[in-house]
Every structure is written in C-alpha cells, then in structure tokens.
Amino acid sequence: MSAMSAGAPRSLASSGQKSIQDILHPLSAEESALNPGSAAEKDLILPNGTPVDTSSPASSSSLLNRLQLDDDLDGETRDLFVTVDDPKKHVSTMETYITYRVCTKTTRTEFDLPEYSVRRRYQDFDWLRNKLEESQPTHLIPPLPEKFVMKGVVDRFSEEFVETRRKALDKFLKRVADHPVLSFNEHFNAFLSAKDLNKRQGLALLTKMGESVKYVTGGYKLRARPVEFAAMGDYLDLFTQKLGTIDRIAQRIIKEQSEFLMELREYGPVYSSWSSFEEDLHDPLEGVSGCMSNCSSALEELTEDMSEDFLPVLREYVLYIESMKNVLKKRDQVQAEYETKLEAVVFREDKKTPVPTDVEKCQDRVECFNADLKADWDRWENNKRQDFRQLLTGMADKNIQYYEKCLAAWESLIPVLQDKQEAEGETS
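Residues numbered from 1 in each chain as written. Predicted model: local features only at pLDDT ≥ 70, side-chain atom pairs only at ≥ 80, totals over all residues. Heavy atoms only, no water.

Some words on the overall build of the protein chain
Along its length, the protein chain carries ten helices and five strands. In the protein chain, the proportion of contacts linking residues at least 24 apart, taken out of those at least 6 apart, comes to 76%. For the protein chain, the accessible surface area stands at approximately 24,000 Å², while carbon and sulfur atoms represent 53% of it. (Helix = DSSP H or I, 4+ residues; strand = E, 2+ residues; numbered from the N terminus. Contact = heavy atoms within 4.5 Å. Areas by Shrake-Rupley, 256 points an atom, 1.4 Å probe, with all protein chains shown as cover.)

So, in structure tokens, the structure goes:
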C-alpha cells in the first residue's frame with residue numbers, strides 16, 4: 001500500500017495485530033492465542049436507536065474447555081449463551097418440516113430480556129447466514145449443514161439425521177455468538193429474540209462495504225494477491241485435499257466395519273443353535289454366542305460414532321473452506337476496485353490535484369478488509385486445532401473402548417471353559 005491515505009489505517013473491532021507468517025498443517029500447528037483488537041470503526045445501531053458497543057473481546061477459552069467445564073469457565077468472559085435443542089416435526093397440508101428450539105441467555109443491554117426461547121426451522125438459519133454475509137462481508141461466516149439431501153439415501157426426518165443437523169445448527173450459532181463482531185449483528189439479535197421472524201425486514205441494510213463488494217468492477221484483473229493472502233489460498237487448497245483423503249479413508253473404514261458387523265451378527269445365532277444339539281458343549285457354545293453378541297454391539301456403536309461424530313466434522317470444514325475462499329474473493333474484489341481507481345489517478349494529466357477522497361476511502365476499505373480477514377483466520381485456525389484435537393483423541397478413545405469391550409466379552413468366557421474343563425476332569 002502506498003502512503004496516500006491521510007492518516008493511519010483504521011481497523012474494525014476484530015482487526016488482528018498478528019500477521020500470518022507461516023501457515024501450518026492443522027495437526028502440527030503450535031498453539032496461538034486469539035488476539036482480536038478492541039477498537040471499532042463504527043458502532044452498530046439497533047432499530048430502536050440503541051447504540052451497540054462492538055468493542056467486546058472474544059472469548060479466549062477453547063472449545064475443549066467449553067465442553068468439559070460447560071459455563072463455569074466461560075461465564076467469566078462471555079455474556080451470550082445459545083443452545084439448539086428439542087427438534088419437533090410439524091405436519092401440515094402444504095409441507096412437513098422440523099423446527100428446533102433456540103434458547104438464549106444473556107446479560108447484554110441490547111436485549112430486552114435475559115432469556116429467550118424461540119422455535120426456528122432450517123430456512124430461518126439460512127436466512128440468518130445470508131443476512132450475516134450481506135451485512136458483514138469482511139468476516140468469515142460459519143457454515144451451515146447442507147440443505148438438500150439425496151432422496152432415497154437419507155431420510156431427512158429420521159432421528160439420526162435430525163440429531164446430526166441439530167448438532168450442526170447448534171455449533172453454527174455458538175460460533176456466531178462467540179464472534180466479537182457477528183454476535184452484535186442486529187439480524188442475529190432478531191433471530192434469537194423475535195417470536196415471529198420477519199424475513200423481509202432489513203433487505204436494504206447493506207453496509208457501504210457490502211455495496212462496494214457487490215458492485216465492484218468485474219472486468220479488472222487483480223495484479224497480485226498479497227503474499228499472506230496467497231498463502232491462505234494455497235493452504236486452503238492443500239487442506240481440501242487432505243480432508244478429501246481422510247474422508248475417503250473414513251468412508252472405507254465404515255464400509256468394512258459395516259460388512260464385518262453383518263457377518264459377526266450371523267455367528268451368534270449359529271453357536272446358539274449349535275448348543276441345542278451338543279449337551280456337553282451347551283454352556284461354552286452359549287458363552288461364545290454371548291461374546292459374539294457383545295462384540296457386535298460394540299462394533300455397531302463404534303461405526304455409529306464414526307458416521308455421526310467423525311464424518312460431520314470433516315464435512316463442516318469442507319464447507320468452512322468454501323466460505324473462507326468466498327471471503328478471499330471478496331477481498332480481491334475490493335483490492336481490484338482500489339487498484340482501478342489508483343491507476344486512474346496515476347495516469348491523469350493534472351498531477352497537482354490532491355488524491356480523490358474516494359480513493360483514500362477505498363484504500364481504507366482494503367486495509368479494514370485485510371485486518372478483519374486476518375483476525376477471522378486466526379480465530380478459525382484456533383477453532384480448527386481444538387476441533388481436530390478433540391476429534392482425533394475422541395476417536396482414539398472410542399477405539400480403545402471398543403477393544404476393551406471385546407476383550408471383556410471374551411474374558412467372561414474363561415470361567416465357563418474352566419468349569420467345563422474341571423467337570424471333564426472329575427468325570428475322567
């Protein structure tokens with residue numbers, strides 16, 4: 001950036017102070033603390049005219065601490081708690097759909113009440129995310145689970161699917177609530193508190209930045225993406241490949257486990273039927289049948305954990321990567337607009353005329369976009385490390401538990417075999 005701007009670049013509430021030097025693999029990256037800035041360029045104004053202070057710092061506690069310590073630790077630094085639960089099926093003459101209860105507890109002054117409980121369906125969550133993208137174009141908006149499912153493959157009203165979606169929606173709202181800027185968005189406020197969500201309200205509430213991003217000149221080709229943002233793009237491409245490889249391996253493991261489970265389930269009845277024809281071997285054979293049944297149950301539980309806990313996290317981060325790439329493209333568009341205006345100034349005939357104000361403002365928008373994107377990248381990196389650490393350690397623990405259950409099942413057969421051996425010894 002040239003020194004054309006009249007003063008030091010201004011930064012928004014989430015502007016980060018730490019530049020990205022190295023982009024590491026998510027499983028080998030070192031721990032880094034979140035360091036969002038505290039200054040806001042402009043306070044948000046709610047529909048009732050109440051100003052909102054956007055300088056509130058983000059929560060510094062990790063996802064693992066939130067899961068382990070619940071609200072005890074976060075209660076010291078957070079003032080907004082959101083949960084999604086209690087899915088219900090609604091059947092009408094026109095359509096059938098699922099709603100989820102969204103419960104909110106807060107001490108923020110812009111909310112009229114300390115607690116709210118509203119019901120929202122998926123399209124309401126989709127509306128919220130679209131509004132966040134429109135009004136906060138410089139920030140990374142967390143992804144939603146995919147809206148459409150393949151007919152005949154997944155039953156979108158099944159208990160398993162609804163629970164998986166509920167968890168994803170709950171994570172989406174928690175990520176927004178933890179964000180130092182998005183959590184103060186007026187559309188988020190309306191989503192959490194309004195009994196009847198008016199989706200037409202606020203259609204024209206686009207920020208100047210959003211308008212600039214939307215209507216930027218499309219024919220200009222960006223000269224060069226700055227090194228740190230080019231490194232982000234390269235990392236996202238590599239991370240996509242790694243996630244694809246892990247997903248394919250996980251899918252193959254689940255397929256092989258499911259096939260093994262089907263065979264294992266057939267063994268139990270075989271041994272049980274065999275025992276009815278072998279009076280002397282009745283107890284040992286029934287014991288083996290019980291072992292097979294216990295091992296089948298343990299394997300079924302392990303396979304369900306892989307399908308319901310492991311795979312959704314991988315899919316979430318694939319969608320997260322798409323969101324991050326979209327923000328990078330918006331940043332490039334703002335930079336392209338600035339370069340277009342700057343070139344027009346450089347090639348003008350009158351060199352003594354001061355730099356137009358719109359060029360300086362455009363430079364400020366680029367700098368604000370860069371700062372916001374860096375801060376959100378740091379926050380995303382931190383969440384990613386926590387999520388994958390929990391995911392992989394959890395998977396390791398569940399595999400250990402599976403083998404412990406199988407071992408315990410077979411060990412329970414030892415006394416039966418010993419009794420049989422002693423009985424045969426007495427007979428002889």
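Back to the text.
Some thoughts on the pairing of strand 4 (residues 96–106)
Bridge count between strand 3 (residues 80–91) and strand 4: ten bridges; the pairing is antiparallel. Looking at the pairing, Val84 lines up with Val102 of strand 4. Connecting strand 3 to the next strand, strand 4, in antiparallel fashion are four residues. (Pairing = 2+ DSSP bridges.)

Concerning the sheet that holds strand 4
Remark on secondary structure: sheet strands pair via backbone hydrogen bonds, oriented parallel or antiparallel. Judged by pairing direction, the sheet is antiparallel, and its three strands sit side by side in the order 3-4-5 without closing on themselves. Each end of this open sheet is capped by a strand with a single partner; those strands are strand 3 and strand 5 (115–121). Strand-to-strand, the axes of this sheet are offset by a mean angle of 20°, without reference to chain direction. Docked against the sheet, helix 4 (residues 159–178) engages strand 3 and strand 4, running at close to 150° with respect to strand 3. Sitting on the sheet, helix 5 (residues 186–193) touches strand 3, strand 4 and strand 5, and the angle it makes with strand 5 is about 90°. (Axes fitted to C-alpha atoms, helices over the stretch in contact; angles between N-to-C directions.)

Observations concerning the nonpolar core
Core analysis: the biggest nonpolar cluster contains 33 residues, and Leu236, Phe239, Tyr317 and Trp380 have the highest contact counts within it. Counting residues per element, the ones that place at least two in this core are helix 7 (227–275), helix 8 (282–346) and helix 9 (357–411). Sorting elements by how many residues they give to this core places helix 8 first, with 15 residues. Setting aside chain neighbours within four positions, we find Trp380 in contact with Leu140, Tyr235, Leu236, Phe239, Tyr317, Tyr320, Ile321 and Met324. Core analysis: the second largest hydrophobic core is formed by 27 residues, Leu128, Ile141, Val162 and Leu182 among them. (Core = buried A, V, L, I, M, F, W, Y, C linked by side-chain atoms within 4.5 Å. Buried < 20%, exposed > 50% of the residue type's maximum accessible area, 1.4 Å probe, protein only.)

Observations concerning unusual backbone geometry
Phi is positive for Asp86, which is not a glycine, with a value near 50°. Its location among the elements puts Asp86 in strand 3. Residue classification places Asp86 among the partly exposed positions, given a relative accessible area of 28%.

Observations concerning the confidence of the model for the protein chain
Segments scoring low in pLDDT should not have their predicted coordinates read at a detailed level. Residue-level pLDDT values for the protein chain average 77, and 71% of them are 70 or greater. Counting interchain partners and residues more than four positions distant, the pLDDT-below-50 stretch residues 1–76 has 146 contacts. Low pLDDT, under 50, characterises residues 201–219; the stretch is placed with 29 contacts to residues that sit more than four places away or in other chains. (pLDDT = per-residue confidence, 0-100.)

Describing a negative patch on the surface
A cluster of acidic side chains, namely Asp155, Glu159, Glu160 and Glu304, defines a negative patch on the protein surface. Within the fold, Glu160 resides in helix 4. Looking at Glu160, the relative accessible area reads 48%, which means it is partly exposed. (Patch = residues over 30% accessible without salt bridge, like charges linked within 9 Å, V, L, I, M, F, W, Y side chains within 5 Å. Salt bridge = Lys/Arg side-chain N within 4 Å of Asp/Glu carboxyl O. Lys, Arg positive; Asp, Glu negative; His and termini not counted. Charge placed at Lys NZ, Arg CZ, Asp CG, Glu CD.)

Quick look at the packing of aromatic side chains
Aromatic ring pairs are described here by two measures, namely the spacing of the ring centres and the angle between the planes. For the structure on display, the rule yields 15 aromatic pairs. Each ring, one from Phe125 and one from Phe191, has its centre 5.0 Å from the other, and the planes form 65°; the classification is edge-to-face. In this pair, Phe125 is assigned in helix 3 (residues 122–135) and Phe191 in helix 5, connecting sequence segments 66 residues apart. The same class applies to Phe125 and to Phe191, which are both buried. The interplanar angle of 25° and the centroid separation of 5.6 Å between the aromatic rings of Tyr235 and Phe239 together place this pair among those described as stacked. Of the two residues, Tyr235 and Phe239 are both situated in helix 7; the distance of four residues between them amounts to about one turn of the helix. Overall, Tyr235 belongs to the buried group, its relative accessible area being 6%. On the accessibility criterion, Phe239 (4% relative accessible area) is buried. The structure contains a cluster of three or more aromatic residues connected by ring pairs, namely Tyr235, Phe239, Tyr317, Tyr320, Trp377, Trp380 and Phe388. (Phe/Tyr/Trp six-rings, centres within 6.5 Å; stacked < 30°, edge-to-face > 60°.)

Remarks on the side chain of Thr99
The residue Thr99 is located in strand 4 in this model. Within the local environment of Thr99, its side chain forms a polar contact with the side chain of Arg119, the two groups lying 3.0 Å apart. Excluding its chain neighbours within four sequence positions, the residues that come into contact with Thr99 are Asp86, Pro87, Lys88, His90, Arg119, Arg120 and Arg121. (Polar contact = N/O pair within 3.5 Å; in protein donor to acceptor, adjacent residues only side chain to side chain.)

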